[in-house]
Amino acid sequence: YEFTIEVNPNQWTPEIVNSMRDSGVNRFSVGIQSLDKNSFHFLDRRHSIEDSYKTLEYFKNIGVNYSADFLIGIPASEGRRDIVKELEKVLEFSPSHLSIYILTVKDKYKHKGLLPSDDWVEKEFLSVSDFLKEKGFSHYEISNYALDNKESKHNLKYWKDAPVLALGPTA
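Note that this is a predicted model, so its numbers are computed, not measured. (Residues numbered from 1 in each chain as written. Predicted model: local features only at pLDDT ≥ 70, side-chain atom pairs only at ≥ 80, totals over all residues. Heavy atoms only, no water.)

Asker: Where do I start with the overall build of the protein in this structure?
Answerer: Counting its regular elements, the protein contains six helices and six strands. Order of helices (α) and strands (β) in the protein, N terminus to C terminus: β-α-β-α-α-β-α-β-α-β-β-α. In terms of principal-axis extent, the alpha carbons of the protein reach across some 45 × 35 × 30 Å. The buried share of the protein, reckoned over its 171 residues, is 43%. Contacts in the protein between residues far apart in sequence, at least 24 positions, make up 67% of those at least 6 positions apart. Element-wise, carbon and sulfur atoms account for 50% of the exposed surface of the protein, whose accessible area totals about 10000 Å². Charge centroids of the protein, computed over 22 positive and 26 negative side chains, lie 3 Å from each other. (Helix = DSSP H or I, 4+ residues; strand = E, 2+ residues; numbered from the N terminus. Buried < 20%, exposed > 50% of the residue type's maximum accessible area, 1.4 Å probe, protein only. Contact = heavy atoms within 4.5 Å. Areas by Shrake-Rupley, 256 points an atom, 1.4 Å probe, with all protein chains shown as cover. Lys, Arg positive; Asp, Glu negative; His and termini not counted. Charge placed at Lys NZ, Arg CZ, Asp CG, Glu CD.)

Asker: Help me out: how do you make sense of the nonpolar core in this one?
Answerer: As a rule of thumb, soluble globular proteins bury nonpolar side chains together. Counting 38 residues, the largest nonpolar core has Phe 28, Phe 59, Phe 70, Leu 87, Leu 98, Ile 100 and Leu 132 as the members making the most contacts within it. Of all the elements in the fold, those that place two or more residues in this core are helix H1 (14–22), strand E2 (27–33), helix H3 (49–62), strand E3 (66–72), helix H4 (83–91), strand E4 (97–102) and helix H5 (118–134). Those residues in contact with Phe 59 that sit more than four places away from it in its chain are Val 7, Val 17, Phe 28, Val 30, Val 64 and Tyr 66. (Core = buried A, V, L, I, M, F, W, Y, C linked by side-chain atoms within 4.5 Å.)

Asker: Please explain the environment of Leu 91 as it appears in this structure.
Answerer: Considering the arrangement of structural elements, one finds Leu 91 in helix H4. C-alpha of Leu 91 to C-alpha of Gly 136: the two residues are 45 residues apart in sequence and 11 Å apart in space. With residues up to four places along the chain from it excluded, the contact list for Leu 91 reads Leu 98, Phe 131, Leu 132, Lys 135 and Phe 137.

Asker: Help me understand the sheet that holds strand E1 (residues 4–7) in this model?
Answerer: Hydrogen bonding along the main chain pairs the strands of a sheet, whether they run parallel or antiparallel. In space, the six strands of this open sheet follow the order E1-E2-E3-E4-E6-E5, with mixed pairing throughout. Looking at strand neighbours, the two that pair on one side only are E1 and strand E5 (138–141), the edges of this open sheet. Strand-to-strand twist in this sheet, taken as the mean axis angle between neighbours without regard to direction, amounts to 25°. Sheet topology note: the E5/strand E6 (residues 144–146) ladder contains three bridges and is antiparallel. (Pairing = 2+ DSSP bridges. Axes fitted to C-alpha atoms, helices over the stretch in contact; angles between N-to-C directions.)

Asker: Help me out: how do you make sense of the packing of H4 against H5 in this one?
Answerer: The geometry of a pair of packed helices is captured by two quantities: the angle between their axes and the separation between those axes. Put simply, H4 and H5 touch, their axes get as near as 9 Å, and they point 35° apart. Crossing of H4 against H5: the hand is right-handed. Taken together, the residues of H5 that come into contact with H4 (itself represented by Ile 83, Val 84, Leu 87, Glu 88 and Leu 91) are Glu 124, Ser 127, Val 128, Phe 131 and Leu 132. For the contact of H4 with H5, the residue count by class is seven nonpolar, one polar and two charged. (Left-handed = near helix turned anticlockwise from the far one by under 90°. Nonpolar A, V, L, I, M, F, W, Y, C, P; charged D, E, K, R; others polar.)

Asker: Can you help me understand the packing of aromatic side chains in this one?
Answerer: In this description, a pair of aromatic rings is defined by centroid distance and the angle of the planes. The full count for this structure, using the stated rule, is six aromatic pairs. Here Phe 59 and Tyr 66 contribute two aromatic rings whose centre-to-centre distance is 5.6 Å and whose plane-to-plane angle is 35°, an arrangement assigned as tilted. In terms of burial, Phe 59 and Tyr 66 fall into one category: buried. Among the aromatic residues, those joined into a ring-pair cluster are Trp 12, Phe 28, Tyr 58, Phe 59 and Tyr 66. Positioned above the aromatic ring of Trp 12, the side-chain terminus of Lys 54 is 5.8 Å from the ring centre. (Phe/Tyr/Trp six-rings, centres within 6.5 Å; stacked < 30°, edge-to-face > 60°. Lys NZ or Arg CZ within 6 Å of the ring centre and 35° of its normal.)

Asker: Even after reading the chapter, I still don't get the side chain of Asp 36, so can you show me in this structure?
Answerer: Structurally, the position occupied by Asp 36 is in the loop between E2 and helix H2 (37–40). One buried charged residue, Asp 36, remains without a salt bridge, the closest side chain of opposite sign being Arg 81 at 5.1 Å. Excluding residues that lie within four positions of it along the chain, Asp 36 makes contacts with Ile 49, Arg 81 and Glu 86. (Salt bridge = Lys/Arg side-chain N within 4 Å of Asp/Glu carboxyl O.)

Dropping the structure here:
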């Protein structure tokens, strides 16, 4: 079975993670989003890049199966953000899975005028895909890349329109 829980980089402690593992959680999804200081502040996240590094280091050291989530298409990133450089850094922490989502916004999003062009987002997406394939990750679903046998079971179920159990405010 797969029991995944999402972890925000500033909202965990070793005690919480150990309690989750004792309760059967065997996969963690960590919402890194970006490691680029120039674009991170546009995401209005509660965590910092330093929180992200601390979280990545912790999950690497305890040897759990985990995924790191990133966003592309971040405001003011066109020509200034190197997503491959960020992914090179995150791979040093041995995630078995990466989710790369394209930022989508509502009409009243305060940074809407700073969104990169569709051409830039396409370039980011294709560079991510090429890079991760070179590093041994399969591109098994639109936004997801995994090492062998580390695909997210619930992601695969979504694509097969099979039932999944999801709990929480954004489930």
